[in-house]
Structures are given as structure tokens and as C-alpha cells.
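Report on the structure
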Amino acid sequence: MSLRVLDRNALPTPKQEQWKYTNLQKALGEDLLKVRPQAPEQILVHKLAGEVSSEPDMVVWKGENGIHHQPRLKILLEDKAQATVIEHHQGAGSYWKNMGTEILLGAGAQLNYIRIQNESIDAVHTDMVHIDMNRDARLNFFSLNLGGKLMRHDVHTVINGSGAQCQLNGVNLLRGSQHCDTTILMEHVAPNSVSRQFYRSILDDSAHGVFQGKVHVHKEAKKTDGYQLANTILLSQGARMNTKPELEIYADDVKCSHGTTTGALDEEPLFYLRSRGLSEAQARLLLIQAFVDEVIDKINDETQSGQIKDLAEKWLKTQLEQK
Amino acid sequence: MIKINNLHASVEIADGTKKEIIKGFNLEIKPGEVHAIMGPNGAGKSTLSYVLSGRDGYKVTSGSVDVDGIDLLALNPEERAAVGVFLAFQYPVEIPGVNMNVFLKAAVNAVRKQHGEEELDALGMLKLIKGKSRELGITDDMMSRAVNVGFSGGEKKRNEILQMAILEPKFCILDETDSGLDIDAMKVVAEGVNKLRDGERSFLVITHYQRLLDYIKPDVVHIMADGKIIKTGDAGLALELEEKGYGEFLGGEEGAV
Ligand SMILES: Nc1ncnc2c1ncn2[C@@H]1O[C@H](COP(=O)(O)OP(=O)(O)OP(=O)(O)O)[C@@H](O)[C@H]1O
Ligand SMILES: [Mg+2]
């Protein structure tokens, strides 16, 4: 179970990649390609069979100007273990954080994984996440992308055990010229498993978002239940979103579907609220907050979801006050 | 109270062209009066209500609307709400994720703020919302949900009246608030409206059915067709209309549809 590491000498070229929105070589630029590589820092979160941790494990990765960071996180939950991992990404200056994450969930293991990416605005953040789920395992993964000038978040999940349930949720709040890719490959290998992908993005200025998610149902994965939803609200004319949902199904008797929407805020609810006296800015804030809160509410810990809602509210207020 | 003078308004259609819907509409409602507007489908009744409440996508090409000396058409929707204009929508919109209580509090305080008043404290707000919702038979379950989400047709209409009762506007437009209501709900809604009749507050009640007017007695009844009023009378006009249908009224007018 080796970590899939993106070495800077082995960066994919646009030709090798199926999806060509982010040219990593180009995005990193001359300066960042010369950043000093740092020996990989590693953190292991390991819970023994049946172990139920009452406190969340906190993981903080800091970024430093001029450094190529290579953090490695491994979360290993043995059978029936339960844990919550909260990961913060932050930093100052210009750096490249090239993260590798591996998650292994044993039979009946339950993981809540909250990832808050709030890098420096000059940072490049790439993150390859590999998830392996065994029988009846549960994963509730929430990801917030807020910082960084370029982000790539690749999540490759393999559901190897029947009865497993995988939830991948995320909120992307992007402005300026930020660019964020989310790429998900959800592989249902075993039968009777459930997957949910729920991503919402708010894009302002000339920010660019990409969501490409694939649900791949293998031949043996009968009675798979997979759903994928990606909604985006564009706050400006210059913002762009590309979504590419994909279903690849080789098994019979499966329930799989997807939905995507991208557009400006609906006029009708906005008018309804204004006709009751709310200012336009207040009405917009309320509606957009409700839109992202629906995803944040998937986190089953109110303290955590409350903190993330506060971050989102602060971001939204800043953006809407400029209008 | 409100004076609408020779109002012309168009909708902006997607391809950039304009279509005139309101074609020389005149109306004056005095304080405390209830006026009813009846008229065939497509006459422009809902369009009139949107133009009065300031919805985007409509262009007033001529005419004026005066509310107690204020030029209503110069104001944005929230300012009109603060002046005291309230529209009970024909089709109230669902707002997922925005809780009823959060919404009602925001609306009350937004109007108070525009009036230069202090925000209502939590206890005052609770009393206000609880009291009014009980009167209108709105359950705690409805209050715990998102605005209009999962509400039945009748519940949505009752929710409109609840907002009206809480915000206490001075000019209320009710756009087909009776449609979709069963007889009991209609009585509850009519009682809610009648309770708000205080000799000062004025109402414009848009309806297709005489039945509502049995409960909310209008002072004046207008028939609207093709963007303007073609006949005005007392409450008896609604009865006459119910009996004869629109044909007679439309046929007799010049420039009728
Ligand atoms: N946005 C729009 N684009 C094109 N036509 C419109 C638009 N809005 C309204 N209309 C047209 O204007 C006319 C008046 O519509 P309106 O909804 O005001 O009628 P109404 O009198 O309320 O009818 P009803 O009794 O069925 O509710 C209709 O012919 C309608 O199709
Ligand atoms: Mg109508």
C-alpha cells in the first residue's frame, strides 16, 4: 500500500492527463518549480480493532515561503474502530504543498474526516487521496477549499467490501483568479454499497472551478447505489465552472444517477425575500449561506460544522459587500 | 392611500423584445378600503401585482403610482416593503435551507431597520411569531421547516397571510390567495385578513371566485381585461359576473379582447 506520490520530476503532462484544465507544469511556474524540496513529513493515525476515540485527531500542515512540502497522511482504522480526523492546511507566502493521503478502513470501521484547506493565496496545493473501504465501513468526508491560487484535489475511492457507505462532500469558495479542480473516482467493486458525492461551489471574480466525478460500478458490484450532485453559483460574469459527471456501469440492478447545475442566483427567491424588506445584500447572503450550509450540515458534529459555517459566512460577507 | 394613474408596463422577453401587458391602468384606493379585481386568465392581474411590488423584468413605460405622497415606482422592492406595500404571492416560492423563523425574524427586523427602529428582542419576536401563527393554524412543524418547502398549496397561502399579519403593511395585495384553499382554510385566511382591517389599511384582492368575497366584503369590485379596468361596481358586480361570465362584459367594451 504505497502512497501515490506526485514527484515534481514526474508531474503529469497535459498529454498524459485525461482532463486538461490544469496544466500543473505551467501553473507551478518557474519559481515554484525551483522551490526547495523538503523531506516528507509523515503523520499516521492508527486505531486498533474496536478502538473508539472520543477526541478528534487534529492534523495541521503549515506551508512556508519557498518550500516544496510533501506531507503524507495515513489514516488506518482497523475493524470496527471509530475516529474523527480534522485536518487544517494553512501557510504564508509562496510554496507548493504536494500532499499524499491514504485512508484504509477495516470492516465496520467508521471515519469522519474533515479537511479545511485555507492555504496562503500564493500557494499551490495538490492532494492525492486514496481511500480503501472494507465491508460495512463508513466514511463521512468533508472538504472545504478556501485558500491557494491553484488547487487540485483528487480522491480515488475503492469500495472493496459489501455494505460500505461512502460520503464525499465538499464546499469550494473561490475568488480572484483562484483555480480549483476536484477529481473523484468512485469505484464500486463489491456489491450492496452506497456512495454519495455532494459538492457545492461559489465562484466570484474570475475564479475557475472544475468538478469531474466518475462513478465506476464493476461487474460484481450488484445493487450499487451511487449518487453525485454538483451545484455551483456564479457571483460574477468572469467566473467559470466546468463539470463533468460520469457513470460507468458494468453491473446489473444498480441505482446510479447524477445532477449538476451552474448559474447565477435564482431571481425568484431573491425577489421574494426583498419584497419582505430584506436588502438585496442580505437576501443574497441568506440564500447563498443556505446553499452551502446544506453541504456543511452533512458533517455530523455541530461544533465542527458551526466553525465551518462561520468561515463560509465571513467569506461570503466579504464578497457580497463588494457588490 | 394608493393612486395608480394611466399605468403602462411591459415584460422584457428573453429575445430582447418587449410585450405590453398593462395598458393604461387606473385605480384609486382610499385608506381602509377593500377593492377586488376579477378578470380572465392572462388579463395582467399578477403582472400588475409584480409591477407594484417592484419585481425585475418589468418596465413601466408611462404612468405613475403614488402611495401616501411617495413615488412608489422610484423605489426598490425592499423600500416598497418598508413603505408598507405587501404582496401575497399567487405562487409562493420555496426557499430550501432558509428556516421559517430565521426568515420571519430577518423580515421583521429589516423593515424595522428601514424605519429607524431598534431590532425586536428575542422574546418579543417569539411572542409575535407564536401568537400570529397560532391564530392562522400554522403548526410548529411548519415553523421548523424551510420557507414553503414541503408546504401544501393551502399551507403556502396561509404562510403568506402569516407574513402579512406579522409585518403589518398598510397596502396589501392578495393575488389569488383563495385558490387551492379548502373551505375551512379559506375561512381562516379570510378571518386573518378581516382582523387586519382597521379602517386605515387598504387591500387589493385579486380573485376568480365570488366565494372569497362572501368572507372578505369588498367596497369596490373591478373587472380587468387586457391590461386595464373595463368595469367598476360595488360588491354586486362580482355576483353578476358569477352569473353571466365574462362574455357580456368583454363583448360590450371597445377594444376588448
Ligand atoms: N415574463 C413574461 N414573458 C412573456 N409573457 C408574459 C410574461 N409574464 C406575463 N406574460 C403574459 O402576460 C399576460 C398576463 O399574465 P398575468 O400572469 O399577469 O395574468 P393573470 O391575469 O394574473 O392571469 P391568471 O388569472 O391566470 O393568474 C399573459 O398573457 C402572460 O402570458
Ligand atoms: Mg395571476
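Our subject is the structure that appears above.
Criteria and thresholds
- Residues numbered from 1 in each chain as written.
- Chains lettered and ligands numbered in written order.
- Predicted model: local features only at pLDDT ≥ 70, side-chain atom pairs only at ≥ 80, totals over all residues.
- Heavy atoms only, no water.
- Helix = DSSP H or I, 4+ residues; strand = E, 2+ residues; numbered from the N terminus.
- Contact = heavy atoms within 4.5 Å.
- Donors = N, O, S within 2.8 Å, 3.2 Å for Na, K, Ca; no water.
- Pairing = 2+ DSSP bridges.
- Axes fitted to C-alpha atoms, helices over the stretch in contact; angles between N-to-C directions.
- Buried area = accessible area lost by both parts, 1.4 Å probe.
- Salt bridge = Lys/Arg side-chain N within 4 Å of Asp/Glu carboxyl O.
- Polar contact = N/O pair within 3.5 Å; in protein donor to acceptor, adjacent residues only side chain to side chain.

Topic: the environment of Ile22 of chain B
Residues and elements named next belong to chain B. Here Ile22 is to be found in strand S2 (residues 18-29). Spatially, the C-alpha atoms of Ile22 and Val60 are 8.8 Å apart, while their sequence positions differ by 38 residues. For Ile22, the contacting residues outside a window of four places in its chain are Leu7, His8, Ala9, Gly44, Thr47, Leu48, Met224 and Gly227.

Description of the coordination of the magnesium ion (ligand 2)
Four donors placed tetrahedrally about a metal ideally form angles of 109.5 degrees, and six donors placed octahedrally ideally form angles of 90 or 180 degrees. The magnesium ion (ligand 2) binds to the protein through Ser46 of chain B (OG) and Gln90 of chain B (OE1); the donor distances cover 2.0 to 2.2 Å. With Ser46 of chain B in helix H1 (residues 45-53) and Gln90 of chain B in the loop between strand S6 (85-88) and strand S7 (95-99), this pair connects stretches of sequence that are 44 residues apart.

Examining the sheet that holds strand S18 (residues 255-263) of chain A
Residue and element names in this part refer to chain A. One open sheet accounts for eight strands, arranged S3-S6-S8-S10-S12-S14-S16-S18; its pairing is parallel. At either end of the open sheet lies a strand with only one pairing partner, and these are strand S3 (57-63) and S18. Between one strand and the next, the sheet's axes are offset by a mean angle of 5°, whatever the strand orientation. Relative to strand S8 (residues 110-117), strand S6 (residues 82-91) runs parallel, the two sharing eight bridges. Note on S8: the bridge partner recorded for His89 is Gln117. Against the sheet, helix H3 (residues 280-296) touches strand S10 (138-145), strand S12 (165-174), strand S14 (194-203) and strand S16 (225-234), its axis set at about 150° to S14. This element, helix H4 (residues 302-321), spans S6, S8, S10, S12 and S14 of the sheet and lies at about 25° to S8.

Here we look at the interface of chain B and chain A
Listed per partner, the contact involves 31 residues of chain B and 18 residues of chain A. Both faces combined, the contact of chain B with chain A buries some 2000 Å², and carbon together with sulfur accounts for 66% of it. Summed over the three residues of chain B that lose the most area to chain A, namely Arg55, Glu78 and Val93 of chain B, the buried surface amounts to 27% of that side. A salt bridge links Arg55 of chain B to Glu267 of chain A; the nearest nitrogen and oxygen atoms lie 3.3 Å apart. One can count ten residue pairs in polar contact (both at pLDDT 80 or more) joining chain B with chain A. Among the elements of the structure, H1, helix H2 (77-83), S6, S7, helix H3 (100-114) and helix H6 (153-167) of chain B are those that each provide at least two residues to the side of chain B that touches chain A. Tallying contributions element by element places H3 of chain B first for the side of chain B that touches chain A, with seven residues.

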